[in-house]
Amino acid sequence: MNGSHAPASTVAAGDGGAALSARQGRMPLLDVVKGLACALIVGHHLARYGPMPAGAQVLAPDFFGWLANDGRLAVQVFLVIAGFLATASLAPDGVLRVDRPLARIFQRYGRLVMPYLAALTVCVLVAEVARPWLGEEVVPAEPSLGQLLAHGLLLQDLLNYESLSTGVWYVAIDFQLFALALALVGLPAVLRQPTSAARWAPVALVFIVAVASLALFNRQARLDETAFYFFGAYGLGMLAFWVGRATRTSTWCSAVALLALVGAGALAIDWRSRIAIALVTALLIAVAQRRQWLSPAHWPAAAVPLQQLGRISYSLFLIHFPVLLAVNALVAGLGPHGPWVDLLGMIATFGLSVGAAVLLYRGVEARPASLRSVCTLFAALLVSGLIVSY
C-alpha cells in the first residue's frame with residue numbers, strides 16, 4: 001500500500017534540518033534535490049488522479065506513463081535525506097545529543113502535524129465541493145470521526161482507515177522513523193555502555209536494523225505500514241552522515257565500500273528499484289559531504305529558485321492534492337474539450353499548488369510548534385469533518 005505512493009518532501013528536513021541549519025547554515029544541495037524530487041512527486045500525482053491526465057496523455061503517452069508509474073520512486077530520496085538530517089540533529093558524533101527524548105518526539109510530532117492538519121482540513125472541505133464533479137476513485141469519501149482522529153494521531157494506516165489525502169502515509173512513517181532512530185541512538189546511553197563503546201554502539205545498532213530492513217523487512221509487504229519496512233533507506237541516510245564525518249581518507253573509503261556492499265547485497269537477494277535509488281542517493285550524499293558540496297559557497301544564485309522550492313516542499317506536498325481536486329473539478333465542469341485544455345489545467349495545478357504551498361509555509365509550517373497551535377488545528381480538522389458529514 002504505502003510503497004505505491006509518494007512522500008512528503010520537507011518532512012525529510014523536519015526539525016533535524018532546522019537544527020543542522022542553525023549550527024552549520026543551510027545546505028543548498030539538499031534543498032535543490034528536495035525541490036526537484038518534490039516537483040517529480042507532484043507530477044506523479046498529477047499524472048494519476050482525475051480526468052485531466054487521461055485527456056492530456058495522448059500528447060505524450062510515454063512521458064505520462066512513466067510519471068504515473070515510476071515518479072513515486074522519488075520517495076526514496078526523501079527517506080535518505082530524512083535519515084541524514086535526523087542524524088545531524090540527534091547524534092552527529094555517534095552519541096545522542098538530546099536531553100529529553102520524549103519531549104523531542106513530541107516536538108517532532110508538532111512540527112510534522114501543524115501544516116499537515118491545516119492541509120487535511122482544506123482537503124476535506126475541497127473534496128466535499130469537488131465530489132459531484134469527480135469519481136469516487138479520485139475524491140476521498142466523507143470522513144468519519146474515527147477516521148479524522150486516526151489521521152490527527154498519525155495512526156490511519158495502522159488502524160486501516162482510508163486516507164483523506166494522497167500520500168499522507170508518509171507523514172506517519174516519517175514520525176515512526178524518527179522515533180525509531182531516536183530509540184536506536186539513545187539505547188546505549190540508557191544501558192550505560194562503557195565510554196569507549198558509547199560512540200560506536202549507536203552506529204552499530206543503526207547498521208544492524210538497516211541491514212535487517214534491507215534484507216528482510218522491506219521484502220514483506222504487510223510491514224509497509226511500519227517504520228521497519230522503510231528503515232533500510234532511512235538508515236542508509238543516517239550511515240551516510242556518519243561516513244561523511246570520517247577524518248581519515250582510508251576510513252572514509254572503507255566505510256563507503258561497506259555501505260555499497262550492504263546495498264548491493266540487499267539487491268542481490270531481491271532486486272528493488274526503490275532500494276537501488278536509496279543506495280545511490282546515500283552514496284552521492286556521502287561523496288558530496290566529503291567534498292564540501294553541501295556548503296552554500298558551492299552553489300550559484302541561479303539555483304535559488306530550486307532551493308526555495310525545496311524549503312517549501314513539505315507544504316507543497318501536503319497542499320497540492322486539494323488544489324488538484326479543485327482544478328480537476330473545474331475542468332470537468334467545462335464540458336467537452338481537447339487534450340491541450342487538460343494539459344494547461346495540469347500546468348495551472350502545479351503553479352497554483354506552489355502558490356498555496358507558499359501560503360501554508362509562511363502561515364503554518366514556518367511558525368514555532370506549540371501545544372495550543374496543534375490542538376487548534378486538530379479541532380479545525382474535526383470541525384471540517386463534521387461540516388461535510390451533516
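It should be noted that the structure appears before, not after, this text.
Residues numbered from 1 in each chain as written. Predicted model: local features only at pLDDT ≥ 70, side-chain atom pairs only at ≥ 80, totals over all residues. Heavy atoms only, no water.

Some remarks on the environment of valine 243
Alright, step 1. Locating valine 243 in the fold gives a position in helix H11 (residues 227-244).
Alright, step 2. Using a relative accessible area of 8% as the deciding quantity, one classes valine 243 as buried.
Alright, step 3. Along the primary structure valine 243 and arginine 290 are separated by 47 residues, whereas in three dimensions their C-alpha atoms are 8.7 Å apart.
Alright, step 4. In this structure valine 243 touches Trp252, Ala255, Val256 and Ala286, once residues within four positions along its chain are discounted. (Helix = DSSP H or I, 4+ residues; strand = E, 2+ residues; numbered from the N terminus. Buried < 20%, exposed > 50% of the residue type's maximum accessible area, 1.4 Å probe, protein only. Contact = heavy atoms within 4.5 Å.)

Thoughts on the nonpolar core
Alright, step 1. Counting residues in hydrophobic clusters, the biggest one holds 120 residues, and the most contacted among them are Tyr116, Phe231, Tyr234, Trp242 and Leu325.
Alright, step 2. Discounting chain neighbours no more than four positions away, the residues touching tyrosine 116 are His151, Leu154, Gln156, Val168, Val171, Tyr314 and Leu318. (Core = buried A, V, L, I, M, F, W, Y, C linked by side-chain atoms within 4.5 Å.)

Section: H11
Alright, step 1. For H11, which comprises 18 residues, the first-to-last C-alpha distance of 24 Å matches the rise-based estimate of 26 Å (1.5 Å per residue) to within 8%.
Alright, step 2. Burial within H11 is extensive, with 17 of its 18 residues counted as buried. (Expected span 1.5 Å × (residues − 1).)

Comments concerning the packing of aromatic side chains
Alright, step 1. Summed over the entire model, instances satisfying the criterion amount to 10 aromatic pairs.
Alright, step 2. Ring centres of tryptophan 169 and tyrosine 170 lie 5.7 Å apart, and the angle between their planes is 75°; on these two criteria the pair is classed as edge-to-face.
Alright, step 3. These aromatic residues form a ring-pair network of at least three members: Trp169, Tyr170, Tyr229 and Phe230. (Phe/Tyr/Trp six-rings, centres within 6.5 Å; stacked < 30°, edge-to-face > 60°.)

Here's the deal with unusual backbone geometry
Alright, step 1. Here the phi dihedral of leucine 154 falls at roughly 60°; this positive angle occurs in a residue that is not glycine.
Alright, step 2. Residue position: leucine 154 is located in the loop between helix H7 (145-152) and helix H8 (169-190).
Alright, step 3. With relative accessibility at 5%, the residue leucine 154 sits in the buried group.
Alright, step 4. A positive phi angle, close to 65°, is found at glutamine 292, a residue other than glycine.
Alright, step 5. With respect to the secondary-structure elements, glutamine 292 resides in the loop between helix H13 (273-290) and helix H14 (304-311).

Things to note about the packing of helix H2 (residues 28-46) against helix H16 (residues 339-365)
Alright, step 1. One can describe the packing of H2 onto H16 by two numbers: an axis separation of 11 Å at closest approach and a directional angle of 140°. With respect to H16, the element H2 is oriented oblique. At the point where H2 passes H16, the crossing takes the right-handed sense. Side by side, H2 and H16 meet where Ala39, Val42 and Leu46 of the first sit next to Met346, Thr349 and Phe350 of the second.
Alright, step 2. Of the residues in the contact of H2 with H16, the class split is five nonpolar, one polar and no charged. (Axes fitted to C-alpha atoms, helices over the stretch in contact; angles between N-to-C directions. Parallel < 35°, antiparallel > 145°, perpendicular 65-115°, else oblique. Left-handed = near helix turned anticlockwise from the far one by under 90°. Nonpolar A, V, L, I, M, F, W, Y, C, P; charged D, E, K, R; others polar.)

Looking at the packing of helix H15 (residues 313-332) against H16
Alright, step 1. Where H15 contacts H16, the two axes come as close as 7 Å, and the packing angle between them is 140°. By the criterion of interaxial angle, the relationship of H15 to H16 is oblique. Taken as a pair, H15 and H16 cross one another with a handedness that is right-handed. Residues Tyr314, Ser315, Leu316, Leu318, Ile319, His320, Val323, Leu324, Val327 and Val331 of H15 form the contact with H16, whose participating residues are Val341, Asp342, Gly345, Thr349, Leu352, Ser353, Val354, Ala356, Ala357, Leu360, Tyr361 and Glu365.
Alright, step 2. Here the residues of the contact of H15 with H16 are counted per class, giving 15 nonpolar, five polar and two charged.

A short note on the pattern of salt bridges
Alright, step 1. Per the counting criterion, the structure on display carries seven salt bridges.
Alright, step 2. Lysine 34 serves as the salt-bridge partner of aspartate 31, at 3.6 Å between the closest nitrogen and oxygen. Separated by three residues within a single helix, aspartate 31 and lysine 34 lie in helix H2, roughly one turn from each other.
Alright, step 3. On the accessibility criterion, lysine 34 (2% relative accessible area) is buried.
Alright, step 4. Members of the salt-bridge network, linked through shared partners, are Asp31, Lys34 and Arg311. (Salt bridge = Lys/Arg side-chain N within 4 Å of Asp/Glu carboxyl O.)

Considering a nonpolar patch on the surface
Alright, step 1. A cluster of nonpolar side chains, contributed by Leu153, Leu155, Leu158, Leu159 and Tyr161, occupies part of the molecular surface with about 420 Å² of accessible area.
Alright, step 2. Looking at where leucine 159 falls in the secondary structure, it is placed in the loop between H7 and H8.
Alright, step 3. Leucine 159 sits in the partly exposed class, given a relative accessible area of 48%. (Patch = residues over 30% accessible without salt bridge, like charges linked within 9 Å, V, L, I, M, F, W, Y side chains within 5 Å. Areas by Shrake-Rupley, 256 points an atom, 1.4 Å probe, with all protein chains shown as cover.)

Observations concerning the environment of cysteine 253
Alright, step 1. Tracing the backbone through its elements, the reader meets cysteine 253 in helix H12 (residues 249-269).
Alright, step 2. A C-alpha to C-alpha distance of 10.0 Å links cysteine 253 and valine 287, two positions 34 residues apart in sequence.

Let's talk about the environment of aspartate 174
Alright, step 1. Here aspartate 174 shows up in helix H8.
Alright, step 2. According to the relative accessible area criterion, aspartate 174 is buried, its value standing at 1%.
Alright, step 3. The spatial distance from the C-alpha of aspartate 174 to the C-alpha of leucine 112 is 8.8 Å, given a sequence separation of 62 residues.

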